[in-house]
Amino acid sequence: MAKKVVPEAERRRRKPVKVGGVVLSERLYIETALRMLQEHGRDGLTVRRLGAALGADPSSLYRYFRSTDDLLLAVGDELIGRALRGWTPAGDWRADLRDLGLRIHSAYLAHPQAAILTASRVSGRSHEIAADEAILGVLRTAGLPDAEAARVYHAFIDQALAFAALDAAALALPHTARAADEAVWQATYARLPAATHPHIAATAPRLVARMKDSAYPTALDMLLESAAGVLTRVRGRTPDPARPRSGGDAGR
């Protein structure tokens, strides 16, 4: 018989329970899932293995989560929560957004296996909502109209999560595979002749130096530069109420 699905609000009200000497809770499941993903990869996260790791009946999971997928959504939300921990806006919109973006990216890369599974998901949980509110708050407080704030927010958060997933996938590779991929730039691209590949040959030393690192900070700066241009145009179209009208407009 199928188990009853417990609404999230009710699950959150459920108190931790002690099973076999272990105090089970939603947080313990999330932390254990993060550890298991880090140690065993995506295939290592099953209801049975979670139960074994916690010394509890596998069905205990359903006291707090509808399924392992629901648990994964909570894991993704936990990563966003870790990114937000200690963050407060300083009042410089570009610096604030840059800090937030780098925090989100770093929080996911600290758990690459979890990042691969959760960066593309939407959970609607508390930390995700708090991050969205913070980002939109920075953009709207800077002076962007709602339509532009939504557009920049969309690009900002998708860029952060997309790079998190991309870079996490590279980190999750076996060390030998990752090293082999990085060596291709030196072994292949750096040796292409200018006669047949003039543009690659001209930039090869710089490519070799850069391609082993994430492009996210550069892409983030480019996005913020574009957003600054939008904000400048918006401010230029906004009349200054303290400035008197000139010419034929005066006195109307």
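Residues numbered from 1 in each chain as written. Predicted model: local features only at pLDDT ≥ 70, side-chain atom pairs only at ≥ 80, totals over all residues. Heavy atoms only, no water.

Some points on helix α5 (residues 93-109)
For clarity, the threshold we go by: Helix and strand definitions here come from DSSP, where helices need a minimum of 4 consecutive H or I residues and strands a minimum of 2 consecutive E residues; each element is numbered from the N-terminal end. One less than the residue count of a helix, multiplied by 1.5 Å, gives the span that helix is expected to have. For every residue, the accessible area obtained with a 1.4 Å probe (protein chains only) is divided by the maximum for its type, and the residue is called buried under 20%, exposed over 50%, and partly exposed between those limits. Here the arc refers to the set of directions running from the helix axis out to each C-beta atom. The contact criterion used throughout is that any non-hydrogen atoms of two residues lie within 4.5 Å. Under this definition, polar contacts are N or O atom pairs within 3.5 Å; protein pairs additionally need one hydrogen-donor-capable and one acceptor-capable atom, and for neighbouring residues in sequence, both atoms have to be side-chain atoms.
Here α5 spans 24 Å end to end across 17 residues, near enough to the 24 Å set by a 1.5 Å rise per residue. When α5 is considered as a whole, its buried residues turn out to be Trp93, Asp96, Leu97, Leu100, Gly101, Ile104, His105, Ala107 and Tyr108. Along the axis of α5, the buried positions cluster into a sector of 165 degrees, meaning they face one direction only. Where α5 is buried, its residues meet α4 (68-84), α6 (112-118), α7 (126-142), α8 (146-172) and α11 (216-237). For α5, the side-chain oxygen to backbone nitrogen distance between the N-cap and Arg94 is 3.2 Å, and the N-cap itself is Asp92.

Regarding the confidence of the model for the chain
Filter applied, for reference: Values of pLDDT, ranging from 0 to 100, describe the predictor's confidence in every residue of the model.
Residues with a pLDDT of 70 or more make up 86% of the chain, whose mean pLDDT is 88. Within the chain, the lowest mean pLDDT, 51, falls on helix α1 (residues 8-13), and the highest, 98, falls on α5. In the predicted structure, residues 1-6 sits below a pLDDT of 50 and forms seven contacts with residues beyond four places in sequence or in another chain. Every residue in residues 240-252 is under pLDDT 50, and counting partners more than four places away or in other chains gives one contact.

So, the pattern of salt bridges
Threshold: Here a salt bridge means any side-chain nitrogen of Lys or Arg lying within 4 Å of a carboxyl oxygen belonging to Asp or Glu.
A full pass over the atoms with the stated rule returns 13 salt bridges. Among the ionic pairs, Arg27 bridges to Glu78, the shortest N-O distance being 3.0 Å. You can see Arg27 sitting in helix α2 (residues 26-40) and its partner Glu78 sitting in helix α4, a full 51 residues away along the chain. Residue class for Glu78 comes out buried when judged on its relative accessible area of 3%. Its salt-bridge partner being Asp221, residue Arg98 comes within 2.6 Å of it at the nearest N-O pair. On the criterion of sequence distance, the pair formed by Arg98 in helix α5 and Asp221 in helix α11 is long-range, its members being 123 residues apart. Assessed through its relative accessible area of 29%, Arg98 is described here as partly exposed. Classification of Asp221 by relative accessible area gives partly exposed; the value is 32%.

Looking at the nonpolar core
Side chains of nonpolar character tend, in soluble globular proteins, to be buried together. Stated precisely, the cut-off is as follows: We define the nonpolar core as a collection of buried residues of types Ala, Val, Leu, Ile, Met, Phe, Trp, Tyr and Cys that are connected through side-chain atoms lying within 4.5 Å of one another.
Tyr29, Leu71, Trp93 and Tyr108 are the most contacted members of the largest nonpolar core, which has 60 residues in total. Secondary structure elements with two or more residues in this core: α2, α3 (47-54), α4, α5, α6, α7, α8 and α11. Contact partners of Leu71, with chain neighbours within four places excluded, come to Tyr29, Ile30, Ala33, Leu50, Leu61 and Phe65.

Side note on the packing of aromatic side chains
Put simply, the test is: Under the pairing criterion, centres of Phe, Tyr and Trp rings, with the six-membered ring standing for Trp, must be within 6.5 Å; the plane angle then separates stacked pairs below 30 degrees from edge-to-face pairs above 60, leaving the rest tilted.
The final tally for this structure, using the stated rule, is four aromatic pairs. Relative to Tyr64, the ring of Tyr29 has its centre 5.9 Å away and its plane inclined at 45 degrees; by these criteria the two rings are tilted. Of this pair, Tyr29 sits in helix α2 while Tyr64 sits in the loop between α3 and α4, and the two are 35 residues apart along the sequence. Taking relative accessible area as the criterion, Tyr64 reaches 1% and is therefore assigned buried. What links up through ring pairs into an aromatic cluster is the set Tyr29, Tyr64 and Phe65.

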